[in-house]
Amino acid sequence: MALSAKLVPNDALGALGAERDGLTSAEAAKRIEEYGPNEIPVIETPIWKMILSQFVGTMPVMLEVSCVISAAAGDWPDFFVILAMVLVNAALGFREEMKAKNALAELTNQMESSIPCLRDGQTQSLPVSKLVPGDVIHLRGGALTPADVEWLEGDVLTIDTAALTGEPLPRKYPSEEYGKLILSGTTVKSGEAYCVVRLTGTNTEIGQGQADIMADRQTAAVSVFEQRVMVVVNIIISLAVLDAICIVLVQGLVRNGFDEDFKGTLLTALSILIAAVPIALPLVLQVTMAIGAYRMATDHHAIVTRMSALQDIASMDVLCSDKTGTLTTAKMSINLEKIWTAKKEGFNAVDPYLYRAPNQELAQQQMLLVMGILASNPDKKDDAIDGALLRAWDKMKQEQGDAPGKMKEGYEQLDLTGFNPEVKRTVATVKRLYDDRKLIVAKGLCSKVMDTSSGGQDSGKLQWTCEECKEEGFLEMVQKTDQELSSAGYKTIAVAAGIEGEGMHFLGLLPMIDPPRYDTAITVRRLMDAGVEVKMITGDHLNIAIETARMVGMATNILPGEATREGGHTGDETIRQSGGFAQVLPRDKRECVLALQRSYELVVGMTGDGVNDAPALSAAQCGIAVEDATDAAKNAAAMILTTEGLSAVFGAVVESRKIFARLFSYVSYRLAATIQILLYLSILVYVFDCTLDPLYVILLALFNDVTMIPVAEDRQTAAAEPQHAMIGHLIGFSMTLGVFQSVASIIFYLCMDMGLVKGIESHTKTGHYPTSVHAQNAIWLQVSIAAEFLIFSARSPGLFFFSRPSTELFISTMLGNVLSTLLAVYAFPEPLDAQECLIVWAYDLCALLAVDLAKMVYKFIHEAGDAGIIDEYELALEDESLKKEDESQPPVDPEAKLRSVRESMKMMQQNSMRMSQKGRSSMKFFATGQQRSSRIMSQSSSMANKSFTKMRSSMVYGDDLRKRTPASIRFK
């Protein structure tokens, strides 16, 4: 392991005679220059540079060039309008930069603390950020370990590693199992000792992970959708620049524009540049995202911390989900029916009269649980293990009458030694009341309860080997039973008892289960139907992970976490094809995310709750912190769930795809309108020598954008597959709409002198097509209304009249059209009359239908694999038929809980089969664009029968299940 190469070997400590005395100030100064301070370095960007950067880029430069051209031409009204656009764009960009800067500051915010440190032979209180490798510090109970340190001398320390490993079980340092290295971020529970600092800052494993998070958040978060949209915008603007240059050359050189009308030539080029810039694009995106974030928090119990996640989760291909608490309830319960009892001789030693019971098997199960209760703390009802035993005891008394209670009345707990992660068992001294004899009762890990020397001699006060272990085949029988229960998804607690001073007897196994949530199976199926592959990434046992996956309908080809460390293409392929990983280390989760991103270009979601999950949450485009997650996980995540389970994630997927549909409809509309205006204006200039006043173009851009702001609340449906903003599709779709709109506008222009517009003589008489002010008003009104109507086609997955827009969007669009009509009738010179306006409206409605039909032809040719939409009405009906359960408490009957899960899966499978049997409908294509059923098989599901054959033969998990973070780092 790379970490161990940086450490001084334990056996070399004795040779370092001066190490115990610490460093001198001069040595510390040299080392802080070499290793840096014990903190995460903060990357600061000056405010002035952030402000100036907002005026650099394709869109700002285009607007600035337009300002210069307006000023050069003396067109001051246009100049001030465009200048206002530049400033608004800069303000919005600066706001995004500041959000990123604040997120970085929040991540690296430190609560500066001090610690006793030996410097120059004297003990002094030193800020933890000043610690360097080689410093000797003094740790005592309650202290937070400020760096990765190695124990030198003093007491054996009891260290709480829950913040790192998620296990609320203290560890002893130094010890053979855990060594001398104490990781940063752990808490000293008891003892005092001197330790030498080994690693600081980002040299620790979790420190490097926090550096990765900072790198991820160094700049403002930009979603995949926004990045690709800007690529298309840049392409269009580049073409517009070339077009403007060509127009200047044609107008200036060919048509003598430089000599006769230099100002008019510049203004013509200006109109082309203005038409190319999607002026209100940032504003519409901001409003849409803000409303989406509000809906996500109120309707789907998900708080968005990175706005880009609203778009990215719509594109999510793979969701890497934790098991405990997300797929399962995190509420342990014991299945009384599956309690496994060993040989009756052991029970006879505990109670010689137990053989008198009429039902021997039931009596032994009752005695086994009684012994487990006697080895538990009755006050620890919230403890995962003791709480499960106490609840099972209450249930047994309720279901099986007075017998269990009377059986327990014959014993009294005298003392109890609590669970120790080294000995992995609790031991109680119990008095048998009828003869006052003392019993030793133990419960815990099966191997350590049968034989305390299993895995090496531990520090437990009492050591034993159960008498039954001496019998041939007994050990194998217990191991087989334990394996079978594990494969069925049960954790096991072993119980042994014996007379004090005599041999211990193995009594049996208590099976505990953390059942799936009532809606997990159906939620997983819905995600997979929506094209999202769900992988399980858990630190739990492999067999339990596999069985849980089977119960919730996930792929069962789950591999040990070590499989993620193969590296190279083989390792990435393993990650891609597997159904998930169990017994993972903190780095494994991030590696899973990075492998899926770099090798397969997938958009990855990751759920997590602990400090060790933070690097993976930050690396994922859709990092999701589940309910009750640590501050570190919340800071690294893009979304924080405020309710339990995976259903909130599916709700977020549905809502985010609606947001994506709103954004895509607006962006495709805006690009199509831009293409229409650019193409139409250019043809008017090149072919007909007809130029529009730049003010007309500015009004077109402003009206068409401002009236589209309600698209943020448009009534939309969620697509049934991940929504990736592919450049080719975006350009093709927008080009189809824009080109056919241009064709419609050109046809209108060519027909204006045929009676569509009054007062225009036929081009056969004049020798040219109309260029008068009155004709320009008609051109402007036709383009303006057609561009407004275009949103109804762009927003609909099928024909526009099958998809009803929101009331706000419809009213806004109609008001824009009415205002455009009023301007053409009352405000502009040489106005239009009512009849001309009615003709323009009727023509544009017919053009909308023609353009919409062209859109459907494009979708039929280029989107033949479209899966349509998620039918929320059917989901609502399914939810009504799904019996909701109270999961605030562990299930009283685990088997009934499992049956409920299986019934949910059966119903879900029947619904999926019924849906898949529905034939392809042409009407459904015209209404929703659907041409095939949704996907229901994930990549890993198709690989479920493949076996992994390249496992390394040995892997030690003990010390590797940890997180190392300098104690100076604080998360808010």
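Being a predicted model, the structure only gives us computed values, none of them experimental.

**Student:** How should I be thinking about the pattern of salt bridges in this particular structure?
**Tutor:** A side chain of one charge can pair with a side chain of the opposite charge when the charged atoms of the two come close. Under the definition given, this model contains 20 salt bridges. As a salt-bridge pair, Asp 394 and Lys 397 come within 4.0 Å of each other at their nearest N and O atoms. Of this pair, Asp 394 and Lys 397 are both found in helix 15 (residues 384–400), 3 residues apart, which corresponds to roughly one turn of the helix. Judged by its relative accessible area of 46%, Asp 394 is partly exposed. Notably, a salt bridge pairs Arg 437 with Glu 502, separated by 3.0 Å at the nearest N-O pair. Pair noted here: Arg 437 is in strand 16 (residues 437–444) and Glu 502 is in the loop between strand 17 (491–499) and strand 18 (505–513), with a separation of 65 residues, a long-range link. In this structure Glu 502 comes out as partly exposed when scored by relative accessible area, which is 49%.

**Student:** Could you clarify how one ought to interpret the nonpolar core in this entry?
**Tutor:** Nonpolar side chains in soluble globular proteins generally cluster together in the buried interior. Grouped together as the largest cluster of nonpolar side chains are 86 residues, with contacts concentrated most on Tyr 669, Leu 684, Tyr 749, Met 752, Ile 779, Trp 780 and Leu 781. Looking at which element gives the most residues to this core, the answer is helix 25 (residues 647–688), with 16 residues. Beyond its immediate chain neighbours, meaning those up to four positions away, Met 752 contacts Val 757, Ile 760, Pro 770, Ala 775, Ala 778 and Ile 779.

**Student:** Would you take a moment to explain the sheet that holds strand 6 (residues 171–173) for this structure?
**Tutor:** Paired through their backbone hydrogen bonds, the strands of a sheet run either parallel or antiparallel. The antiparallel open sheet is built from 3 strands, whose spatial order is 6-5-8. Each edge of the open sheet is held by one strand with a lone partner, namely strand 6 and strand 8 (187–190). Each strand of the sheet is rotated relative to its neighbour by a mean of 45°, with strand direction disregarded. The sheet contact formed by strand 5 (residues 157–160) and strand 8 spans 3 bridges and is antiparallel. Bridge pairing links Ile 159 to Val 188 in strand 8.

**Student:** Help me understand the confidence of the model for the protein chain, please; the structure alone is not making it clear to me.
**Tutor:** Detailed reading of the predicted coordinates is not advisable wherever pLDDT falls low. Residues with a pLDDT of 70 or more make up 78% of the protein chain, whose mean pLDDT is 78. Below a pLDDT of 50 lies the segment residues 935–972, which in the model reaches 128 contacts outside its immediate sequence neighbourhood of four places, other chains included.

**Student:** So what exactly am I meant to see when it comes to the packing of aromatic side chains here?
**Tutor:** What describes a pair of aromatic rings is the distance from one ring centre to the other and the angle between the planes of the rings. The full count for this structure, using the stated rule, is 17 aromatic pairs. Between Tyr 666 and Tyr 669 the ring centres are 6.3 Å apart and the planes differ by 45°, which places this aromatic pair in the tilted class. Placement of both Tyr 666 and Tyr 669 in helix 25 is noted, with a separation of 3 residues, approximately one turn of the helix. For Tyr 666, a relative accessible area of 0% corresponds to the buried category.

Cut-offs applied
Residues numbered from 1 in each chain as written. Predicted model: local features only at pLDDT ≥ 70, side-chain atom pairs only at ≥ 80, totals over all residues. Heavy atoms only, no water. Salt bridge = Lys/Arg side-chain N within 4 Å of Asp/Glu carboxyl O. Helix = DSSP H or I, 4+ residues; strand = E, 2+ residues; numbered from the N terminus. Buried < 20%, exposed > 50% of the residue type's maximum accessible area, 1.4 Å probe, protein only. Core = buried A, V, L, I, M, F, W, Y, C linked by side-chain atoms within 4.5 Å. Contact = heavy atoms within 4.5 Å. Pairing = 2+ DSSP bridges. Axes fitted to C-alpha atoms, helices over the stretch in contact; angles between N-to-C directions. pLDDT = per-residue confidence, 0-100. Phe/Tyr/Trp six-rings, centres within 6.5 Å; stacked < 30°, edge-to-face > 60°.

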